[in-house]
Amino acid sequence: MVDWNLAINVTITGIILVFSMLLLLVFVLSIFGWISVSLKKSVDKKTAKAREEVMAAMSAVKHEEETVSETLSDCDCLNQELVAVISAAVATLYIDSDKKPVIKTIKRSAGRRTAWANAGVLDNTRTF
Amino acid sequence: MFDAFIDTLIGILQASGFAAFFEPGGWKYVVMIAVACGLLYLAIVKKFEPLLLLPIAFGMLLANLPGAGVYHPELWTLNETVKEINFGNVLHEGGVLDILYMGVKLGIYPPLIFLGIGAMTDFGPLISNPKSFLLGAAAQLGIFAAFIGALAVGGLGIEGFSFTPQEAGSIGIIGGADGPTAIFVTSKLAPGLLGPIAVAAYSYMALIPFIQKPIMRLLTTKKERLVRMSELRTVSKTEKIIFPIMVTIIVSLLIPDAAALVGMLMLGNLMKESGVVDRICKTAQNELMNIITIFLGTTVGATTNAESFLNLKTLGIVVMGLVAFCLGTTGGLWFGKLMYIFTKGKVNPLIGSAGVSAVPMAARVSQQVGQEEDPGNFLLMHAMGPNVAGVIGSAVAAGILIQMLG
């Protein structure tokens, strides 16, 4: 004799429970997905903004380089030979590096000691 | 001297397995050995789910060799006088397959198989489109429809063809198209039917392309099959890590009986997605899966002795199992059509049939049928969502059946 009460009870309860459980997971995952997508959008925005700033800075540096090269060529206080010597000294510092330095400005420092005197002091006061 | 030799020879022959064939009921062993050889042919030559069908078939062969003693069904049978399994007897008197069968009886192997499955599954398509869960749920309608059907058939009053609610539940779970889940539920609700149900479940899983395709073409229109779905969003690693933890907590709290299967599935997945336990993840995907597959398949096959297999109930299981499978496919397709209507044609109903848990074969079938109409239509990743959702859905349905019928 078939217990139809049990059969119908199991079937209806089972279907409802399976759907409810998975609906709950759909709901939770949808919220989770929405949060994840929103966070990603905000991170992407910040990254895009930072990229724009870097691009702007790079174009400003380019502009400055052009300006400096004009300035250097027009400046009476610096002759070309002095600029060449300073550039050569800077280049030797980076001789083993992949980085290529760009000299933006050269100006006389306003200290009482000359650069050589400062270098001597630093050398003598360096820690072991 | 010669007489002694002849007597000894006769004694050996009488004690051999061959003599058992000529005893009353001995023909059943011959039939079962032939069935085992037939299944071995399907597994090796036709390549029907060989990873499971080969050990199942060979377990069946070993268990039906008279006198071999590798499996003793009497140690596992419960009746009026024997209410509980005596594991001490099993350890003392059991053969190798009896000892290994303890993993099935105690519900250890299926969760470990799920651990390996979780370690090999990518839930990304499901996370990016959570609505796929509903298709996975719809495909589980076949389980409950077959449950009612098995009870109804039993109610016809045909002798040997009646099923208890527990047996009907075990038959219904075949519709989930998930071998470990079917074995897990059957070992708890109707262990006497474990052999035929396992053989039916894995055979039908191998026949998915043949069973599903005609139903898919019948229940969908050409216009529906031509739908191209929009690309799925990218899922972040954080989402893939939080998903298994979240699903385990929610499902296990609501349906504790599903915790073993769902928990191990999600543990395997978390091991894969976290990326910090590569070594043990590889073990779960490979060595552990292979070991448990061998033990599970062989011992399940061993339960198919003549008494449990050669009867009308097996025929009922074969028929109702096929009905469960077809109804699961139908349920998924119908829900897919509903989603097609509600989304105004954005969802291809073919992915609904992938809601049965046979990963990834059912998803591939959706892809193939879609490509028959439009070779440029790639439905595979969209179908993977319902496909893996079906694994979770069938585990939830299994927990509900065990809770209500156990």
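Basis of the calculations
- Residues numbered from 1 in each chain as written.
- Chains lettered and ligands numbered in written order.
- Predicted model: local features only at pLDDT ≥ 70, side-chain atom pairs only at ≥ 80, totals over all residues.
- Heavy atoms only, no water.
- Helix = DSSP H or I, 4+ residues; strand = E, 2+ residues; numbered from the N terminus.
- Rg over C-alpha atoms; globule rule 2.2 N^0.38 Å.
- Buried < 20%, exposed > 50% of the residue type's maximum accessible area, 1.4 Å probe, protein only.
- Contact = heavy atoms within 4.5 Å.
- Areas by Shrake-Rupley, 256 points an atom, 1.4 Å probe, with all protein chains shown as cover.
- Lys, Arg positive; Asp, Glu negative; His and termini not counted.
- Charge placed at Lys NZ, Arg CZ, Asp CG, Glu CD.
- Buried area = accessible area lost by both parts, 1.4 Å probe.
- Salt bridge = Lys/Arg side-chain N within 4 Å of Asp/Glu carboxyl O.
- Nonpolar A, V, L, I, M, F, W, Y, C, P; charged D, E, K, R; others polar.
- Patch = residues over 30% accessible without salt bridge, like charges linked within 9 Å, V, L, I, M, F, W, Y side chains within 5 Å.
- Axes fitted to C-alpha atoms, helices over the stretch in contact; angles between N-to-C directions.
- Parallel < 35°, antiparallel > 145°, perpendicular 65-115°, else oblique.
- Left-handed = near helix turned anticlockwise from the far one by under 90°.
- Core = buried A, V, L, I, M, F, W, Y, C linked by side-chain atoms within 4.5 Å.
- Phe/Tyr/Trp six-rings, centres within 6.5 Å; stacked < 30°, edge-to-face > 60°.

A. Representation of the overall build of chain B within the structure. The helix and strand inventory of chain B stands at 22 helices and zero strands. For 406 residues, the compact-globule formula gives about 22 Å, and the C-alpha radius of gyration of chain B, at 23 Å, lands near that figure. Across its three principal axes, chain B shows a C-alpha extent of roughly 90 × 50 × 40 Å. Counting all 406 residues of chain B, 56% fall into the buried class. Restricting to contacts in chain B with at least 6 residues of sequence separation, those with at least 24 account for 76%. Summed over all atoms, the accessible surface of chain B reaches about 17,100 Å², with 68% contributed by carbon and sulfur. Mean positive and mean negative side-chain charge positions of chain B (24 and 24 charges, respectively) differ by 17 Å.

B. Layout of the overall build of chain A. In terms of helices and strands, chain A carries three helices and zero strands. For chain A, the succession of helices and strands along the chain, N to C, is α-α-α. Taken across its 128 residues, chain A has 15% of its residues classed as buried. When the accessible surface of chain A is totalled, it reaches about 10,700 Å², and 63% of it is carbon and sulfur.

C. View of the interface of chain A and chain B. Contacts between chain A and chain B engage 27 residues on the former and 38 residues on the latter. Both faces considered, chain A and chain B share a buried interface measuring about 2,700 Å² in area, 91% of it formed by carbon and sulfur atoms. Counting across the interface, chain A meets chain B through zero salt bridges. Its residues assigned to classes, the side of chain A that touches chain B shows 20 nonpolar, seven polar and no charged.

D. Spotlight on a nonpolar patch on the surface. Taken together, Leu24, Phe27, Ile31, Trp34, Ile35 and Leu39 of chain A together with Leu254 of chain B make up a surface patch of nonpolar side chains, about 720 Å² in accessible area. Per element, the largest residue contribution to the nonpolar patch is six residues, and it comes from helix α1 (residues 4-74) of chain A. Within the secondary structure layout, Leu254 of chain B lies in helix α16 (residues 237-254). Of the residues examined, Leu254 of chain B reaches a relative accessible area of 48% and is grouped as partly exposed.

E. Representation of the packing of helix α12 (residues 179-189) of chain B against helix α22 (residues 380-405) of chain B. Residue and element names in this part refer to chain B. Running from N to C, α12 and α22 point in directions that differ by 5°, and their axes come no closer than 10 Å. For the element pair α12 / α22, the angle class is roughly parallel. Residues Thr181, Phe184, Val185, Lys188 and Leu189 of α12 touch α22, and the partners they reach there are Ser394, Ala395, Ala398, Leu401, Ile402 and Leu405. For the contact of α12 with α22, the class distribution of residues is eight nonpolar, two polar and one charged.

F. Seen up close, the packing of helix α7 (residues 109-120) of chain B against α12 of chain B. Residue and element names in this part refer to chain B. The N-to-C vectors of α7 and α12 enclose an angle of 160°; their axes lie 9 Å apart at closest approach. With respect to each other, α7 and α12 are oriented roughly antiparallel. Handedness of the α7/α12 crossing: left-handed. Facing α7, whose interface residues are Pro110, Pro111, Ile113, Phe114 and Ile117, α12 presents Pro180, Thr181, Ile183 and Phe184. Partitioned by chemical class, the residues of the contact of α7 with α12 number eight nonpolar, one polar and no charged.

G. Region of interest: the nonpolar core. Phe123, Phe133, Phe243 and Ile392 of chain B are the most contacted members of the largest nonpolar core, which totals 133 residues. Here the element with the most residues in this core is α22 of chain B; it accounts for 14 residues. The contact partners of Ile392 of chain B, leaving out residues within four places of it in the chain, are Leu22 and Leu25 of chain A together with Phe123, Leu126, Phe133, Phe243, Leu265 and Met266 of chain B.

H. A look at the packing of aromatic side chains. Residues and elements named next belong to chain B. Counting across every chain of the model gives eight aromatic pairs over all chains. For the ring pair Phe123 and Phe243, a centre distance of 5.1 Å and an interplane angle of 40° mean the geometry is tilted. Of this pair, Phe123 sits in the loop between α7 and α8 (124-128) while Phe243 is found in helix α16, placing the two residues 120 residues apart along the sequence. No difference in accessibility class separates Phe123 from Phe243, as the two residues are buried. A centroid spacing of 5.9 Å and a plane angle of 55° characterise the contact between Tyr204 and Phe325, whose relative ring orientation is tilted. Remark: Phe325 occurs in helix α20 (residues 312-342) and Tyr204 occurs in helix α13 (residues 194-206); sequence separation between them is 121 residues. Of the two residues examined, Tyr204 and Phe325, each falls in the buried class. Here a set of aromatic residues connected by ring pairs shows up, and it is made of Tyr71, Trp76, Phe87 and Tyr101.

I. Representation of unusual backbone geometry. Residue and element names in this part refer to chain B. Note that the residue after Val359, namely Pro360, is joined by a cis bond; omega there is -5°. One non-glycine residue, Ala177, lies in positive phi territory at about 55°. Within the secondary structure layout, Ala177 lies in the loop between α11 (165-172) and α12. The phi dihedral of Lys344 falls on the positive side, at around 55°, and the residue is not glycine. Within the element layout of this structure, Lys344 appears in the loop between α20 and α21 (361-373).

J. Broad picture of the environment of Phe27 of chain A. All names here are of chain A. Secondary-structure assignment places Phe27 in helix α1. Judged by relative accessible area, Phe27 falls into the exposed class, the value being 53%. Between the alpha carbons of Phe27 and Arg51 there is a distance of 36 Å; along the sequence they are 24 residues apart.

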